Amino acid sequence: MESADVVIIGAGIVGSSIAYHLTQAGCKNVLVLERESQQGKGSTGKSMGGVRAQFSTAVSIRMSLYSIPFFRAFEEALGHPSGYRGQGYLFVATQERHLRYLRTNYELQTSLGLKAVELLKPADLTHMVPQLRGDDILGGSFCSTDGFVDPHSVMTGFMLRAIDGGARLVRNAEVTAIERDAAGVSGVRTATDRIGTRIVVNAAGAWAGLVAKLAGIDLPVEPLRRMLVPTEPFDKIAHSAPMTVDMATGFHFRPEGLGLLMAWNDPGETPGFKTDFDPAFVEKILTRGVVRVPCLEEAEVNPKRAWAGLYEMTPDHHPILGAVPGIPGLYLANGFSGHGVMHSPATGKIVSDLVLKGTSDLVDARLLGYERFAEGRLLEETAVL
Ligand SMILES: Cc1cc2nc3c(=O)[nH]c(=O)nc-3n(C[C@H](O)[C@H](O)[C@H](O)COP(=O)(O)OP(=O)(O)OC[C@H]3O[C@@H](n4cnc5c(N)ncnc54)[C@H](O)[C@@H]3O)c2cc1C
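Residues numbered from 1 in each chain as written. Predicted model: local features only at pLDDT ≥ 70, side-chain atom pairs only at ≥ 80, totals over all residues. Heavy atoms only, no water.

(A) Spatial organisation of the overall build of the protein. Check the secondary structure of the protein and you find nine helices and 20 strands. In summary, the protein has a C-alpha radius of gyration of 21 Å against a globular reference of 21 Å for 385 residues, a match within 12%. Burial status across the protein gives 57% buried among its 385 residues. Of all intrachain contacts in the protein linking residues separated by at least 6 positions in sequence, the fraction that spans at least 24 positions is 75%. Of the roughly 15500 Å² of accessible surface on the protein, 51% is carried by carbon and sulfur atoms. Separation between the mean location of the 37 positive side-chain charges and that of the 42 negative ones in the protein comes to 2 Å. (Helix = DSSP H or I, 4+ residues; strand = E, 2+ residues; numbered from the N terminus. Rg over C-alpha atoms; globule rule 2.2 N^0.38 Å. Buried < 20%, exposed > 50% of the residue type's maximum accessible area, 1.4 Å probe, protein only. Contact = heavy atoms within 4.5 Å. Areas by Shrake-Rupley, 256 points an atom, 1.4 Å probe, with all protein chains shown as cover. Lys, Arg positive; Asp, Glu negative; His and termini not counted. Charge placed at Lys NZ, Arg CZ, Asp CG, Glu CD.)

(B) How the structure looks around the site of the ligand. Taken together, 37 residues sit near the ligand, with Glu34, Thr44, Gly50, Glu312 and Met342 positioned nearest. With respect to the ligand, the side chain of Ser47 contributes an N or O atom lying 3.3 Å from a nitrogen atom. Only helix 1 (13-24), strand 14 (222-230) and strand 18 (307-313) provide two or more residues apiece to the shell around the ligand. When residues of the shell around the ligand are assigned to their parent elements, the largest contribution, four residues, is made by strand 18. Taken together, the residues of the shell around the ligand break down into 17 nonpolar, 13 polar and seven charged. (Near = heavy atom within 4 Å. Polar contact = N/O pair within 3.5 Å; in protein donor to acceptor, adjacent residues only side chain to side chain. Nonpolar A, V, L, I, M, F, W, Y, C, P; charged D, E, K, R; others polar.)

Dropping the structure here:
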């Protein structure tokens, strides 16, 4: 029978980062099991690639303060491009409550050491993105180290270096059982193999709840469809523009290729494994878009080029990381609530620390533990896009 020191279920950006960080820390016998024939077919390959430190809770900000410099140095350290582009995130406020919210977040972000974030006056915003409708803007915030990465490339870089460090990746290997004995986790099964291990990490993205059930636990992670709409080539907005977020509607966009990539959180969306793109969404998103960026009226969209993927939502919009009390050897790296790409470096580091040392200096990992739900210690991240 095959065995591994650690089995990671799921080879998306999170499983790959955990494998990389484990091997870097000297844990070589790591086996990553992926049910698909290639990596990136889950949420990682569907992502918008946004990375930001402009969050509202200390734990989210700390994870970004580790991850963003990591992306910047990625190619030098891992010999593979991350595609990091520090074009910033620009939050546009047209309501007093949003302005107060940005100020409060700014205080927290700067107190934790974020230097590149600034509060802006209305004229600064229209100077930065002249295509914004400006008459009702009250202010905003901008962080120049926020930006975007290429999620597929980051995932690939993590996995290549993990494999160099001793990890193995097996594709077409869906985990169908997690076995336990009196000491805790004892192995996993796929359709064709049994692998003996004392440590299993659930990194199954939006499917994490199904994998958790294999170990007999309920995981509060729900899949939620998320749709993205690219425009056809569009030259009315500079390709150096930041990710621009209209806080009034949640509409946001960033440059992509010769056009723009647009997103909007449809409040009518309900949990489930839906990944078909709804063509009616194009009109919904453009209606929100032209309110803030009138020239989008002229943008062309081919719905066939739009796509949908799954967010993996938790009740408090924070991930669930670390050991499961009562099941020795079972670890979770789940529920990123739409932030799994940007927080993948920090997640890999934290989970690797927890597996190997039981604690992490990067954040107080107890805050993100599975037990917080039973203990009523929910955090609330409100800066969810
Ligand atoms: C449209 C969209 C836009 C997004 N935009 C952003 C963004 O701008 N910034 C950001 O940070 N995040 C964004 N996200 C979220 C981000 O993509 C996810 O949080 C992240 O990719 C999660 O990575 P993961 O590795 O946990 O999951 P995944 O990439 O889904 O990987 C999980 C893997 O587990 C495998 N798996 C599942 N079950 C099993 C099993 N039983 N056995 C073996 N393998 C299994 C799956 O096949 C999959 O490959 C976006 C998501 C979507 C859908």
